[in-house]
Amino acid sequence: MITLLVAEHDNSELKLDTHKAVDAITKMGGDIHVLVAGAGCQSVAEHAAKLQGVSKVLVADHDLLAHGLAENLAPLVVDLADDYSHIVAPATTTGKNFMPRVAAALDVEQISDIIEVVSSDTFKRPIYAGNAIATVQSEYAKKVITVRTAAFDKVSETGSAEIVSLEAVADAGISNFVKQELTESERPELTAAGVVISGGRGMQNGDNFTLLEGIADKLGAAVGASRAAVDAGFVPNDMQVGQTGKIVAPDLYIAVGISGAIQHLAGMKDSKVIVAINKDPEAPIFQVADYGLEADLFEALPELETKL
Amino acid sequence: MKVLVPVKRVIDYNVKARVKADNTDVDLTNVKMAMNPFCEIAVEEAVRLKEKGTATEIVVVSIGSKSCHEQLRTALALGADRAIHIDTELNLGSLQVAKLLSKVVEEEQPELVILGKQSIDADNNQTGQMLAALTNRPQGTFASEVVVEDNKVAVTREVDGGLQTVSLNLPAIVTTDLRLNEPRYASLPNIMKAKRKPLDVKVAADMGLELSSKINLLKVEEPSQREGGVMVESVDELLEKLRNEAKVIA
Ligand SMILES: Cc1cc2nc3c(=O)[nH]c(=O)nc-3n(C[C@H](O)[C@H](O)[C@H](O)COP(=O)(O)OP(=O)(O)OC[C@H]3O[C@@H](n4cnc5c(N)ncnc54)[C@H](O)[C@@H]3O)c2cc1C
């Protein structure tokens, strides 16, 4: 039994999603190989070789793979698939994009977003916005799986796997990368942060998010948002926490001016400690909060920042 | 340009799903059902392409029991031209759905297929990508903008780091994200008109595909519930609790 894990990275940095996916695979058992597919990604491969439990790193370093285009990445993974019992990727937007393309090409049903490994063929995954947890078993000889990384711990970097370079990559010739507009931030990434503070429609506008940023900087926190705040244009889409945005499980999650719709809860209710600040005592967010503060956020946030 | 839009009937997004007492599945008896919100966005996008003169015909397709006629009629009322119902009582996985859709694509030869990125029941986020693989077409997933020009479509995608734009050769597959558009409501005259638009029925079992799933659903459980917390009276009390009780801040 050998698993191929497709690493999450941006060509210069290996993302912690990869470390957490290795934890999930370790629970399935067997050997672990990691594929680093990208352009100018040698340093990422060297980093991946340190992940505890990984025995081999395959590097496919080619311009065609620079931006993770599914049309070029999926065939590469499919070509390698023969040697593997499990093909795994973190359930990031990259993994969600190319993995089903791999699965269909292999004529395998994918199991998305696993949150627990029961055995090498049986997994738990949330359905219906996390209002139910399904235990599913795959009868396929090859399992194709994406991992909800918020549910796993990162493995240490104490290993030393061999690194093997892969040869030529083919261009499917049906898609091209045009551009990307990535959000620049000095703060930790949402899915990697120990503390997350999120704002909702109650923030009223994008400028008011500075009230959250001041607190975030004191706590070393990432800043998130509800869908309503993103839809209203207060903040960019990559800050959305929820069923259809990012899933987070930090030690501390602070929800400010967020009502607590099921779709939002789906993205944060596994946080260790939840704080809610809302002026409506009936807001459903208080039902999941460990500490609720009924207050006007425009008064509570400045006070919180000074007293931290 | 012909546009195909697959739509799914799912639990209404305002309804909280309940697990059956015997833990075999979620209980959907007497639960309010609706078109999957991401499919609504897909229909809206197709209608806008038609209003711009880019799309000439919009075909909607739904797979499931006869009850999905309701969602197909909704799509027709929103502006689709005709509908296909693929009839089956089976609870299909994304791969089987993608295979059935690939048959429809083969027959209809749409230049563009627009699907929702995920359905809010199984939350799989797979069907569009699988259809793209099976039809060997490029895919623009999680779209927040779709621009058709000449023989290509430029798709701006919502990704973890921000936005990415890709250019796909047509024919192509697009899946919608929340910011693509805000779907309209169907007007009463359009709902009446939709009743006369064509709706063809095909039987899934007659389409020559293996439809059984090799993923077994062993159990469906309630998620672990959070213990009810406490209300604090002031920012001072909140900080005191976070420091000394929860010990999550210094
Ligand atoms: C298909 C689909 C997918 C979705 N996916 C997501 C998702 O991934 N993530 C997500 O978040 N949502 C998602 N949603 C949307 C979700 O249903 C809710 O509409 C959304 O979460 C509401 O955002 P909100 O809590 O910021 O806004 P509201 O529900 O409007 O709540 C605003 C809150 O702010 C409080 N408030 C206002 N002013 C103040 C003040 N001065 N001080 C203190 N409190 C104040 C109010 O009391 C209220 O509770 C999805 C919906 C659909 C249909």
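Rules behind the numbers
- Residues numbered from 1 in each chain as written.
- Chains lettered and ligands numbered in written order.
- Predicted model: local features only at pLDDT ≥ 70, side-chain atom pairs only at ≥ 80, totals over all residues.
- Heavy atoms only, no water.
- Helix = DSSP H or I, 4+ residues; strand = E, 2+ residues; numbered from the N terminus.
- Rg over C-alpha atoms; globule rule 2.2 N^0.38 Å.
- Buried < 20%, exposed > 50% of the residue type's maximum accessible area, 1.4 Å probe, protein only.
- Contact = heavy atoms within 4.5 Å.
- Areas by Shrake-Rupley, 256 points an atom, 1.4 Å probe, with all protein chains shown as cover.
- Lys, Arg positive; Asp, Glu negative; His and termini not counted.
- Charge placed at Lys NZ, Arg CZ, Asp CG, Glu CD.
- Phe/Tyr/Trp six-rings, centres within 6.5 Å; stacked < 30°, edge-to-face > 60°.
- Lys NZ or Arg CZ within 6 Å of the ring centre and 35° of its normal.
- Buried area = accessible area lost by both parts, 1.4 Å probe.
- Salt bridge = Lys/Arg side-chain N within 4 Å of Asp/Glu carboxyl O.
- Polar contact = N/O pair within 3.5 Å; in protein donor to acceptor, adjacent residues only side chain to side chain.
- Nonpolar A, V, L, I, M, F, W, Y, C, P; charged D, E, K, R; others polar.
- Core = buried A, V, L, I, M, F, W, Y, C linked by side-chain atoms within 4.5 Å.
- Near = heavy atom within 4 Å.
- pLDDT = per-residue confidence, 0-100.
- Arc of directions from axis to C-beta.
- Patch = residues over 30% accessible without salt bridge, like charges linked within 9 Å, V, L, I, M, F, W, Y side chains within 5 Å.
- Pairing = 2+ DSSP bridges.
- Axes fitted to C-alpha atoms, helices over the stretch in contact; angles between N-to-C directions.
- Parallel < 35°, antiparallel > 145°, perpendicular 65-115°, else oblique.
- Left-handed = near helix turned anticlockwise from the far one by under 90°.

A. How the structure looks around the overall build of chain A. Counting its regular elements, chain A contains 9 helices and 16 strands. Here the C-alpha atoms of chain A give a radius of gyration of 20 Å, agreeing with the 19 Å that 2.2 N^0.38 yields for 308 residues. In terms of principal-axis extent, the alpha carbons of chain A reach across some 60 × 40 × 40 Å. Counting every position in chain A, which comprises 308 residues, the buried fraction comes to 60%. Long-range contacts, defined as pairs at least 24 residues apart, comprise 65% of the intrachain contacts of chain A with a sequence gap of at least 6. Summing over all exposed atoms, chain A offers an accessible surface of approximately 11,500 Å²; the carbon and sulfur share of this is 45%. Separation of charge centres in chain A, based on 23 positive and 43 negative side chains, amounts to 4 Å.

B. Examining the packing of aromatic side chains more closely. Within this structure, the stated rule accounts for 0 aromatic pairs over all chains. Directly above the ring of Phe142(B) sits Lys117(B), whose terminal nitrogen or CZ lies 5.7 Å from the centroid.

C. Local environment of the interface of chain B and chain A. With 77 residues of chain B at the interface, the matching set in chain A holds 83 residues. When residues of chain B are sorted by the area they lose upon contact with chain A, Asp160(B), Ile215(B) and Arg226(B) head the list and together hold 11% of the total. For the pair chain B and chain A, the number of links is 5 salt bridges. Note that Arg179(B) is salt-bridged to Asp231(A), the shortest N-O span being 2.8 Å. Inspection of the region where chain B meets chain A yields 53 residue pairs in polar contact (both at pLDDT 80 or more). Listing elements by their share of the side of chain B that touches chain A, those giving two or more residues are helix H3 (94-108), helix H4 (127-135), strand S9 (139-149), strand S10 (152-159), strand S11 (162-169), strand S14 (215-221), strand S15 (230-232) and helix H6 (235-245) of chain B. The residue inventory of the side of chain B that touches chain A, partitioned by class, reads 37 nonpolar, 20 polar and 20 charged.

D. Geometry of the nonpolar core. Among the nonpolar cores identified, the biggest contains 91 residues, and Leu35(A), Val36(A), Val57(A), Val77(A), Phe98(A) and Ile86(B) are the most heavily contacted of them. Among the elements that make up this core, the one with the highest residue count is H3(B) (7 residues). Excluding its chain neighbours within four sequence positions, the residues that come into contact with Val57(A) are Val34(A), Val36(A), Ala45(A), Ala48(A), Ala49(A), Ala161(A), Glu162(A), Ile163(A) and Val164(A). If you look at the next biggest cluster of nonpolar residues, it comprises 41 residues, including Met1(B), Val10(B), Ile41(B) and Leu178(B).

E. Inspection of the site of the ligand at higher detail. Contacts to the ligand come from 29 residues, most closely from Arg201(A), Ser226(A), Gln240(A), Ser259(A) and Asn278(A). The site occupied by the ligand is bordered by residues of chains A and B. For the ligand, an oxygen atom lies 3.0 Å from a polar atom in the backbone of Gly257(A). Within the contact set of the ligand, an oxygen atom lies 2.7 Å away from a side-chain nitrogen or oxygen of Asn278(A). Calculation on the ligand without its partners gives an accessible area of 980 Å², and the protein chains cover 86% of this total.

F. Summary view of the confidence of the model for chain B. This prediction gives chain B a mean pLDDT of 97; 100% of its residues lie at or above 70. The ipTM for the predicted assembly is 0.96, set against a pTM of 0.97.

G. Structural view of helix H9 (residues 297-307) of chain A. Those residues of H9(A) that sit buried are Leu297(A), Ala300(A), Leu301(A) and Leu304(A). Burial along H9(A) is one-sided: seen end-on, the buried residues are contained in an arc of 95°. Along H9(A), exposed side chains directed more than 90 degrees from the buried face belong to Glu299(A) and Thr306(A). Buried residues belonging to H9(A) abut helix H5 (210-219), strand S14 (252-256), strand S15 (273-278) and strand S16 (291-294) of chain A together with H6 of chain B. For H9(A), the capping residue at the N-terminal end is Asp296(A), with a side-chain oxygen 2.8 Å from the backbone nitrogen of Phe298(A).

H. Summary view of a nonpolar patch on the surface. Residues and elements named next belong to chain B. Where nonpolar side chains cluster on the molecular surface, the patch consists of Leu 188, Ile 191 and Met 192 and spans about 290 Å² of accessible area. Looking at where Leu 188 falls in the secondary structure, it is placed in helix H5 (residues 188-194). By relative accessible area, which is 62% here, Leu 188 ends up exposed.

I. Region of interest: the sheet that holds strand S6 (residues 116-119) of chain A. Reading across from one edge, S6(A)-S7(A)-S8(A)-S14(B) is the order of the 4 strands in this open sheet, with antiparallel pairing throughout. Of all the strands in the sheet, the pair left with one neighbour each is S6 of chain A together with S14 of chain B. When the angles between neighbouring strand axes are averaged without regard to direction, this sheet yields 30°. In this sheet, strand S7 (residues 122-127) of chain A lies alongside S6(A) in antiparallel orientation, the contact comprising 3 bridges. Paired with Glu116(A) across the two strands is Lys124(A), which belongs to S7(A).

J. Layout of the packing of helix H3 (residues 70-80) of chain A against helix H4 (residues 93-105) of chain A. Residues and elements named next belong to chain A. Taken N-terminus to C-terminus, the directions of H3 and H4 make an angle of 50°; their axes are 9 Å apart at the nearest point. Between H3 and H4, the interaxial angle falls into the category oblique. As for how H3 packs across H4, the hand of that crossing is right-handed. Contacts from Ala 70, Glu 71, Leu 73, Ala 74, Val 77 and Val 78 of H3 reach H4 at Asn 97, Phe 98, Arg 101, Val 102 and Ala 105. Here the contact of H3 with H4 is built from residues that sort into 8 nonpolar, 1 polar and 2 charged.

K. Layout of the sheet that holds strand S9 (residues 143-147) of chain A. All names here are of chain A. Here 7 strands make up an open sheet; going across it, the order is S5-S9-S4-S1-S2-S3-S10 and the pairing parallel. Here the strands that pair on one side only, and so sit at the sheet edges, are strand S5 (110-114) and strand S10 (162-165). Ignoring strand direction, the axes of neighbouring strands in this sheet form an average angle of 25°. The strands that helix H1 (residues 16-28) touches are strand S1 (2-6), strand S2 (31-38), strand S3 (54-61), strand S4 (86-90), S5 and S9; relative to S4, the one it contacts most, it runs at about 145°. Relative to S4, H4 is tilted by about 160°, and along the sheet it contacts S1, S4, S5 and S9.

L. Spotlight on the pairing of strand S1 (residues 2-6) of chain B. Across the 5 residues that make up S1(B), a large majority, 5, are buried. Covered by surrounding structure in S1(B) are Lys2(B), Leu4(B) and Pro6(B) together with Val3(B) and Val5(B), the residues of both alternating faces.

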